[in-house]
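Commentary on secondary and tertiary structure
Below, each chain spelled out in residue letters.
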Amino acid sequence: MKILHLSDTHSAHHRLHELPQADVVVHSGNFCMVGEEHEALDFLNWFCDLPYCHKIFICGNHDSCLYGANIDGLDSNVHYLCNSGIEIGGLKFYGLPMFTEDCISNRQTHNHANIPDDTDILITHSPAFGILDLDDCIDGEYIPYGSEEILGRVMKIHPRAHLFGHVHRQHGVTDKNGIIFSNGAIMSDDYSKLNIPNIIEI
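Residues numbered from 1 in each chain as written. Predicted model: local features only at pLDDT ≥ 70, side-chain atom pairs only at ≥ 80, totals over all residues. Heavy atoms only, no water.

Quick notes on unusual backbone geometry
Residues other than glycine seldom take positive phi values, yet Leu-132 does so here, at roughly 50°. If you trace the backbone, Leu-132 turns up in the loop between strand E7 (121–124) and strand E8 (134–138). (Helix = DSSP H or I, 4+ residues; strand = E, 2+ residues; numbered from the N terminus.)

As structure tokens, then:
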């Protein structure tokens, strides 16, 4: 299976042209810039029109207008994952959003703990701690911004791939302990240019 991974487009999705072929496209959050409903609707219209067999998206911390929302009317091949999963082509995808309301309570800890053990493709907005998560240079050293809870869960369940974004500076793909880690942040760290989308093959 070939997966096109996007993240952190921040309302610049219309600038993405000639996207590569894939079986599934995944957007791991922050399709909005300021979290307003019209931004989300514009993204959803664009995303639903993409010519892929399956389309999956989750929310990031900029997508606050969808907190607690029920999204109706999506095409049958467009899947909104919010602490939920779907099986496609024998692979189990699970999506965990990053809403500020959950992060400042204990709900996000509960959400992390509930990631199923049999997940093949984990989609979160935040990176796992220490993996493609360095940002903000202080005294000559970059600071890790990933989640230790996500790292612990990933190392326990050992998915085939972990797709995320959030830290724009660390766009890229790496392999650790047999797990593919993809930071799909499209917008560069200074918001001046767009990165090339990641392609993951499972």
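Having put the structure on the table, let's press on.
A few points about the sheet that holds strand E2 (residues 24–27)
One open sheet accounts for five strands, arranged E4-E3-E2-E1-E13; its pairing is mixed. The two strands at the open ends of the sheet, each matched to only one other strand, are strand E4 (78–80) and strand E13 (198–201). Taking each pair of neighbouring strands and ignoring which way they run, the sheet shows an average axis angle of 20°. In this sheet, E13 lies alongside strand E1 (residues 2–6) in antiparallel orientation, the contact comprising four bridges. By the bridge assignment for E13, His-5 is matched with Asn-198. Packing of helix H1 (residues 37–49) onto the sheet brings it into contact with E1, E2, strand E3 (54–57) and E4, and relative to E3 it is tilted by some 155°. (Pairing = 2+ DSSP bridges. Axes fitted to C-alpha atoms, helices over the stretch in contact; angles between N-to-C directions. Contact = heavy atoms within 4.5 Å.)

Comments concerning the packing of aromatic side chains
Evaluation of the coordinates by the stated rule reveals nine aromatic pairs. On the basis of an interplanar angle of 25° and a centroid distance of 5.0 Å, the ring pair of Phe-57 and Tyr-80 is categorised as stacked. On the criterion of sequence distance, the pair formed by Phe-57 in strand E3 and Tyr-80 in strand E4 is long-range, its members being 23 residues apart. The burial state of Phe-57 is the same as that of Tyr-80; both residues are buried. Following the ring pairs from residue to residue traces out a cluster consisting of Phe-31, Phe-43, Trp-46, Phe-47, Phe-57 and Tyr-80. (Phe/Tyr/Trp six-rings, centres within 6.5 Å; stacked < 30°, edge-to-face > 60°. Buried < 20%, exposed > 50% of the residue type's maximum accessible area, 1.4 Å probe, protein only.)

Thoughts on the side chain of Asp-135
Here Asp-135 is to be found in strand E8. For Asp-135, a relative accessible area of 18% translates into the label buried. A distance of 3.0 Å separates the side chain of Asp-135 from the side chain of Arg-169, its partner in a polar contact. Leaving out residues up to four positions away in the same chain, Asp-135 has contacts with Tyr-142, Ile-143, Tyr-145, Val-167 and Arg-169. (Polar contact = N/O pair within 3.5 Å; in protein donor to acceptor, adjacent residues only side chain to side chain.)

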